[in-house]
Amino acid sequence: MNKKLYAARLSDLVLNIGVSLKKGEYLNIVVSPDAYFYAQNMAIKAYEMGAKYVNIRVSDMLLDKERAYYQEGDDLSFIPDFMKEYVEEGKRVSIKNVRIECRDERIDLPELDDEKYQTLSRAYRASQKSLSNLYMQTHIAWCVCCAPGPKWAKAVLGEDKTEEDLADILASILHIDSPSYLEYWKEEDKKVNARIERINSLGIKSLHFESGVTDFRVGFRKESKFEGCSSVTTKGEVFYPNLPTIEIFNTPDKDTAEGYITTTRPVSVMGKDTERVKLYFEKGKCIKAEAEVGQKIMDDYLKIDEGSSRLGEIALVDDKSAISQTGLVFGSILIDENASCHIALGSGYTSNLHIGDKDPKDFGCNESLVHTDFMVGSSDMKITALTYSGEEVLIMENGSFVF
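1. Description of the sheet that holds strand 17 (residues 371-375)
Strand order in the open sheet formed by 5 strands is 7-10-15-16-17, with antiparallel pairing between adjacent strands. The open sheet has two edge strands, strand 7 (227-228) and strand 17, and neither has a second partner. Note: strand 10 (residues 248-250) against strand 15 (residues 311-316), 3 bridges, orientation antiparallel. The residue bridging Ile248 from the neighbouring strand is Leu316, located in strand 15.

Dropping the structure here:
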């Protein structure tokens, strides 16, 4: 698929389905320099749809790393007042948010001081926290999507492949290679929610994950419910947090995880690659990580704050998903997490807790500055539920749902 057509259909999908943009609303688009073309096209489409104002924020990882190289101490954690005011303005106008992910920004980055880069990242996350919480709590619609890039194409498909070759695959995953893509996602949402209704009817108290590299249990409060595909804001507006998405996810009780679980796909953590990470849990806390690749970054991640070593999400994905069947590792959380069951270390989604205006912390919801997904699914994964009525129910066998 050529770049122009991909940009046009991606914009149509994300603005109409992803964030349900309406006339007079505000939109923020976060993008790397490599994918600016796609953000620009989306902004033009948003204005065509009647958006009041569209802001494109270029997230430049190379520039951030160079800043971390040259600066020290307070300079490194400095966030200007105008960015803080932008957060407050965003809250006042309920600015919708789109992030366009393109792996080009992470390829061939210079090796810089990890600790200094993390200091910079923490400062930025802290400055955005009050607005980020509104997205996590589904008060405002948001969507993460993907765009191809020439470096990413070569990394995934081979040196002789182009951006358009990767666009073909991503278009197929997003179903924008067909004119009926909006209808497709509405129908997919119905199918996913039918499975969610079945799972929620069980009243799951805990899940037991078993495979050749995993023996892990995690619990859920009675008030927590699985969700997936589309979400609904507190104002009743339907949106899709991720495109593509087929996961069924829930917010676990942060104090219940026990055992060990091993990642089965590479994951970028704070801009650094990790592979085959074995996470050990006691009383909900990850007490140790053993990584074949990325040991230091995992050790550092678990120390970011109290919540970075506890779970904020458990997600179930069929190993026979279309993304999994490509046999490709995309190096993108957005795509790879929809090829495999995954867990997230960091903040939890309060939208999964049906508690009204009560404090989510009182219902085991984790709090943190970070939220990072780790793929753990495999073709030999077995997942068994223990219900609040004391029954054991098989949920997945050999990596696939049994219903």
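Read on, since the account is not over.
2. Quick look at the nonpolar core
Tyr6, Ile100, Leu207, Leu279, Leu316, Phe330 and Leu345 are the most contacted members of the largest nonpolar core, which has 108 residues in total. With 7 residues, helix 1 (residues 3-18) is the largest single contributor of residues to this core. If sequence neighbours within four positions are ignored, Tyr6 has contacts with Met1, Tyr38, Cys146, Ala147, Pro148, Ala167, Leu170, Ala171, Leu174 and Ile176. Formed by 6 residues, the second largest nonpolar core is a distinct cluster that contains Ala68, Leu109, Tyr117 and Leu120.

3. Focus: helix 7 (residues 150-157)
Buried residues of helix 7: Trp152, Ala153 and Val156, and no others. Down the axis, helix 7 shows its buried residues gathered within 100 degrees of arc, on one side only. Its buried side turned inward, helix 7 meets strand 3 (96-101), strand 4 (142-146), helix 8 (163-174) and helix 12 (333-336). Residue Gly158 follows helix 7 closely and has a positive phi angle near 125 degrees.

4. Considerations on the packing of aromatic side chains
Considering all chains together, one arrives at 11 aromatic pairs under this definition. Ring geometry for Tyr69 against Tyr70: centres 4.9 Å apart, planes inclined by 85 degrees, an arrangement best described as edge-to-face. Just as Tyr69 is exposed, Tyr70 falls in that class too. Of the aromatic side chains, those joined through ring pairs into one cluster are Tyr6, Phe37 and Tyr38. Above the face of the Tyr260 ring, Lys278 is positioned so that its terminal group lies 4.5 Å from the ring centre. The lysine or arginine in question, Lys288, covers the ring of Tyr280, its NZ or CZ lying 4.5 Å from the ring centre.

5. Looking at the pattern of salt bridges
Enumeration over the complete set of coordinates arrives at 21 salt bridges. Of the charged contacts in the structure, one is a salt bridge between Arg310 and Asp255, with a shortest N-O distance of 3.1 Å. Here Arg310, found in the loop between helix 10 (295-301) and strand 15, pairs with Asp255, found in the loop between strand 10 and strand 11 (258-262); they are 55 residues apart in sequence, far enough to count as distant.

6. Focus on unusual backbone geometry
Omega for the peptide link from Leu243 to Pro244 comes to 10 degrees, which places this bond in the cis form. Its location among the elements puts Pro244 in the loop between strand 9 (238-239) and strand 10. Of note in this structure, Ser94 is not a glycine but carries a positive phi near 50 degrees. Within the secondary structure, Ser94 sits in the loop between helix 5 (81-93) and strand 3. Even without glycine at this site, His175 takes up a positive phi of about 65 degrees.

7. Describing the packing of helix 1 against helix 2 (residues 36-48)
Following both chains from N to C, one finds helix 1 and helix 2 inclined at 50 degrees, their axes separated by 9 Å at the closest point. What the angle tells us is that helix 1 and helix 2 run oblique. Note on packing geometry: the crossing formed by helix 1 with helix 2 is right-handed. Here Lys3, Lys4, Tyr6, Ala7, Leu10, Ser11, Asp12, Val14 and Leu15 of helix 1 come into contact with helix 2, specifically with Phe37, Tyr38, Asn41, Met42, Lys45 and Ala46. Partitioned by chemical class, the residues of the contact of helix 1 with helix 2 number 9 nonpolar, 2 polar and 4 charged.

8. Digging into the sheet that holds strand 3
Sheets are built from strands paired through backbone hydrogen bonds, the pairs being either parallel or antiparallel. On the basis of which strands lie adjacent, the open sheet formed by 4 strands has the order 2-1-3-4 and parallel pairing. Strands at the two margins of the open sheet, each flanked by one partner only, are strand 2 (53-58) and strand 4. When the angles between neighbouring strand axes are averaged without regard to direction, this sheet yields 20 degrees. As judged from the 6 bridges shared by strand 1 (residues 26-31) and strand 2, these two strands associate in the parallel manner. What sits directly across from Val31, in strand 2, is Val58. Set on the sheet, helix 2 makes contact with strand 1, strand 2, strand 3 and strand 4; between it and strand 2 the angle comes to about 170 degrees.

9. Focus: the environment of Phe403
Within the secondary structure, Phe403 sits in the segment after strand 20 (400-401). As for Phe403 and Arg195, which are separated by 208 residues in sequence, their C-alpha atoms are 7.7 Å apart. What Phe403 contacts, discounting residues up to four positions off in sequence, is Arg195, Arg198, Ile199, Leu394 and Ile395.

10. Looking at the packing of helix 1 against helix 9 (residues 181-200)
Between helix 1 and helix 9, whose axes approach to 10 Å, the crossing angle comes to 40 degrees. Classified by the angle between their axes, helix 1 and helix 9 sit oblique to one another. Here helix 1 runs over helix 9; the crossing is right-handed. Contact residues: helix 1 offers Arg9, Asp12, Leu13 and Ile17, while helix 9 offers Tyr181, Leu182, Trp185 and Lys186. Considered class by class, the residues forming the contact of helix 1 with helix 9 number 5 nonpolar, no polar and 3 charged.

Conventions used here
- Residues numbered from 1 in each chain as written.
- Predicted model: local features only at pLDDT ≥ 70, side-chain atom pairs only at ≥ 80, totals over all residues.
- Heavy atoms only, no water.
- Pairing = 2+ DSSP bridges.
- Helix = DSSP H or I, 4+ residues; strand = E, 2+ residues; numbered from the N terminus.
- Core = buried A, V, L, I, M, F, W, Y, C linked by side-chain atoms within 4.5 Å.
- Buried < 20%, exposed > 50% of the residue type's maximum accessible area, 1.4 Å probe, protein only.
- Contact = heavy atoms within 4.5 Å.
- Arc of directions from axis to C-beta.
- Phe/Tyr/Trp six-rings, centres within 6.5 Å; stacked < 30°, edge-to-face > 60°.
- Lys NZ or Arg CZ within 6 Å of the ring centre and 35° of its normal.
- Salt bridge = Lys/Arg side-chain N within 4 Å of Asp/Glu carboxyl O.
- Axes fitted to C-alpha atoms, helices over the stretch in contact; angles between N-to-C directions.
- Parallel < 35°, antiparallel > 145°, perpendicular 65-115°, else oblique.
- Left-handed = near helix turned anticlockwise from the far one by under 90°.
- Nonpolar A, V, L, I, M, F, W, Y, C, P; charged D, E, K, R; others polar.

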